[in-house]
Every structure is written in C-alpha cells, then in structure tokens.
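Breakdown of the fold
Given next are the chains, with one letter for each unit.
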Amino acid sequence: MAHRSERTGEAVGRVRYLLTLSRPRFWLYLAGPVAVGVTFAAETTGELFTPVTLVLFAYFLLPANVFLYGVNDVFDADVDAANPKKDDREARWQGDSAVAVVIAAATVLGVATFAFTPLVAWPYLAAFFALGFQYSAPPLRFKTTPLLDSISNGLYILPGAVGYAAVAGAHPPLAALAGAWLWTMGMHTFSAIPDIEPDRAAGIRTTATFLGERRTFLYCLACWLAAAVVFALVDIRIGLLLVAYPALVFGIYRSDVDVERAYWWYPILNTAVGTLLTLGALWRILYA
C-alpha cells in the first residue's frame, strides 16, 4: 500500500508540475486566436463547431502549451535557475524523463493536426512548430538574439491563422496577419521587461536587455500603435479596440506601477479583447 501511495503521489506531482509548466494563465494565448480566427472565417453558426475546429481548439488549449513551454523550459534550465518568476508562478525544469515523454507526445499530437486540416492551413501549422521549437532550441534559438526574439513570437497568432484557413479554405487577410504579428511583438517584448536583470546576469541577450527598460517601453508602444493602425485597415473598430494596448503601456510607464506586477494584468486584458473580437464576429454571423 505504501508503494502504491508513493506512486500515486508521484503521478499527482507530475500532473501538477505539467500544469504549472504549461502556464495556465496563458492557455488562451494559443487557443484564443483559434476561436477568433474560426469566428471571423465562419459564415454560419454550423461552421463554428465542426470536428476540425474542435480538434484545433482542444490541441491549442493544452497540448500546444505543453509543447511550447516544455521546449522552452528544457533549453532554459540553466538560465531559469536565477529567474525569480520560476519560484512560484512558473516551473523550473526538473529533468523528469516521464515529463519529457509527455512533451514529446504533445509534439506528436501537433503533427497529427495536419491530417485534420486543409492544405491551405499547413504553412501556418508548420511555421508554428518551427518557430515554437527554434525560439528556444539550438541552433537558431531566436530568444537569445535581439529583435529576432520579438519577431519570432508571431508564432502566437499562427493558431488563429490555422483556424481561419481551416474554415474559410483561404488565407487570412494580410493586414490582419501583419497587425496581429505586430501585436505579438509588443506583447512578447513587454513580458521580457521583468526578465532584464536575470537575463543580463545569465548572459542572455534579448530585445529588452539590448534596449534597456525605458526604450523597451517605447518599443512596445510603437509595436502596439502600429498594430492598431494596421488593424484599422481591416476594420476601424478593431483598430480602435487595439488602442487599449499602447494606452495601457503608456500609463504603466508614467506611473509607479511595478512592471512585474503589470505583466500579470495582460492575460485579463487579452482575454477581454479576444472576447470582444469574437462577440463582434458572432454578431456579424447572427444578424448580418
């Protein structure tokens, strides 16, 4: 009985660790774009819930996060040893082979999504996995090269492009892709501000460590302003909604709010903005 209890405890511990590793606060960063992309592509309510759309949402809700952050934590083990974010909100890599198998399985599940999606969606799927792996893993390891770390984080909007292409059978509007890519660049670089000192101490070069805190705020402001302008080419209402990001980052910069605290506000803001976008697209389907 004691051995069984120990095995059960180990299994529960691994599940808790995997959930922490997958960053539950950020699950909707990948699944949310799927919902937005599907909703904007759909012309009827029946197109919202199909085997393809449900598979994509389910994969990008959890397994894709295990893949993305699992690869990140494996190759950042040395760097994360001194990162204070890993003390409570995130997890340090523990070298558990069973967890490594789960990360590999999440990757294989992602490869299987190609079988469920049309050819037009494949470039976006391929780009997601390529960027997701090479962001953290050698030889490219984009996260250690200023500007490339920011640009490569466009991977977060690719699930939305997959969802759109899977439903519409066509590529998303170029302006929407460009605007969303600029948004992710700002989001990624803002999230790196709390890591400036730990990254510098570990010898890691990022856009944030290269620019320093003040100029990184300006960089994020520029990315989010550009995203709002480009999205306005798709729909002026979306552009106006996206103004919330440069407005907030400007307010944070001019206030005494700790950026590490402000960083954790963004999952709420992103969820609210994504919800409004999705509701707007649903209104078009139901009442257009």
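Residues numbered from 1 in each chain as written. Predicted model: local features only at pLDDT ≥ 70, side-chain atom pairs only at ≥ 80, totals over all residues. Heavy atoms only, no water.

As recorded in an unreviewed UniProt entry, the chain goes by the name Prenyltransferase, listed as coming from Halobellus rarus. The Subcellular location (unreviewed entry) field of the UniProt record for the chain holds the comment "Cell membrane". (UniProt positions renumbered as here; feature names shortened; annotations may be inferred.)

Scanning the chain from N- to C-terminus turns up 16 helices and zero strands. Split into buried and exposed, the 288 residues of the chain put 50% on the buried side. Put simply, of all contacts in the chain between residues at least 6 apart along the chain, 75% involve residues at least 24 apart. With an accessible surface of roughly 13,900 Å², the chain has 68% of that area assigned to carbon and sulfur atoms. (Helix = DSSP H or I, 4+ residues; strand = E, 2+ residues; numbered from the N terminus. Buried < 20%, exposed > 50% of the residue type's maximum accessible area, 1.4 Å probe, protein only. Contact = heavy atoms within 4.5 Å. Areas by Shrake-Rupley, 256 points an atom, 1.4 Å probe, with all protein chains shown as cover.)

Another point: the pattern of salt bridges. Under the defined criterion, the tally for this structure stands at three salt bridges. In this structure, Arg-23 and Asp-73 form a salt bridge, with 3.0 Å as the shortest nitrogen-oxygen distance. On the criterion of sequence distance, the pair formed by Arg-23 in the loop between helix 1 (2-21) and helix 2 (28-41) and Asp-73 in helix 4 (residues 63-75) is long-range, its members being 50 residues apart. Arg-23 gets classed as buried once you look at its relative accessible area, which sits at 5%. Given a relative accessible area of 0%, Asp-73 falls into the buried group. The salt bridge partner of Arg-200 is Glu-197, with a shortest N-O separation of 3.6 Å. (Salt bridge = Lys/Arg side-chain N within 4 Å of Asp/Glu carboxyl O.)

What follows covers the packing of aromatic side chains. Tallying each qualifying case throughout the model produces 23 aromatic pairs. Ring geometry for Tyr-29 against Tyr-156: centres 6.4 Å apart, planes inclined by 85°, an arrangement best described as edge-to-face. Taken as a pair, Tyr-29 in helix 2 and Tyr-156 in the loop between helix 8 (148-151) and helix 9 (158-168) lie far apart in primary sequence, 127 residues in all. Tyr-29 sits in the buried class, given a relative accessible area of 15%. An aromatic cluster of three or more residues is present, and its members are Tyr-59, Phe-60, Phe-67, Phe-114, Trp-122, Phe-128 and Phe-129. (Phe/Tyr/Trp six-rings, centres within 6.5 Å; stacked < 30°, edge-to-face > 60°.)

What follows covers the confidence of the model for the chain. Here the chain averages 90 in pLDDT, and 89% of its residues register 70 or above. Ranking the elements of the chain by mean pLDDT puts helix 5 (residues 77-80) last with 62 and helix 9 first with 98. (pLDDT = per-residue confidence, 0-100.)

If you check UniProt for "transmembrane region" (unreviewed entry), the listed places come out as residues 26-42, 48-72, 93-115, 217-244 and 264-286 in our numbering. For residues 48-72, the end-to-end C-alpha separation is 32 Å, with 84% helix and 0% strand making up the annotated structure. Its end C-alpha atoms 34 Å apart, residues 264-286 is made of 91% helix and 0% strand.

In this structure, Pro-139 follows Pro-138 across a cis peptide bond, with omega equal to 10°. With respect to the element layout, Pro-139 can be found in the loop between helix 7 (122-134) and helix 8. A positive phi angle is found at Arg-141, which is not glycine, with a value near 40°. Within the fold, Arg-141 resides in the loop between helix 7 and helix 8. Arg-141 gets classed as buried once you look at its relative accessible area, which sits at 14%.

On to helix 10 (residues 174-191). Residues separated by three or four positions in an α-helix point in the same direction, a consequence of the helix having 3.6 residues per turn. An ideal rise of 1.5 Å per residue puts 26 Å on 18 residues; helix 10 measures up with 26 Å between its terminal C-alpha atoms. For helix 10, the buried fraction is high: 13 of the 18 residues fall into the buried class. (Expected span 1.5 Å × (residues − 1).)

An ideal rise of 1.5 Å per residue puts 22 Å on 16 residues; helix 6 (residues 97-112) measures up with 23 Å between its terminal C-alpha atoms. Among the residues of helix 6, Val-99, Ile-103, Ala-106 and Gly-110 are the ones counted as buried. Looking straight down helix 6, one finds its buried side chains confined to an arc of 55°; they lie on one side. Of the exposed residues in helix 6, the ones pointing more than 90 degrees away from its buried face are Ser-97, Val-101, Val-108 and Val-111. (Arc of directions from axis to C-beta.)

One recurring pattern in soluble globular proteins is that nonpolar side chains are buried together. By size, the foremost hydrophobic cluster in this structure holds 75 residues, and its most contacted members are Phe-60, Phe-128, Phe-190, Trp-224 and Tyr-266. At eight residues, helix 12 (residues 207-234) tops the list of elements feeding residues into this core. In this view, Trp-224 contacts Trp-183, Gly-186, Met-187, Phe-190, Tyr-245, Pro-246, Val-249 and Tyr-266; residues no more than four positions away in its chain are not counted. (Core = buried A, V, L, I, M, F, W, Y, C linked by side-chain atoms within 4.5 Å.)

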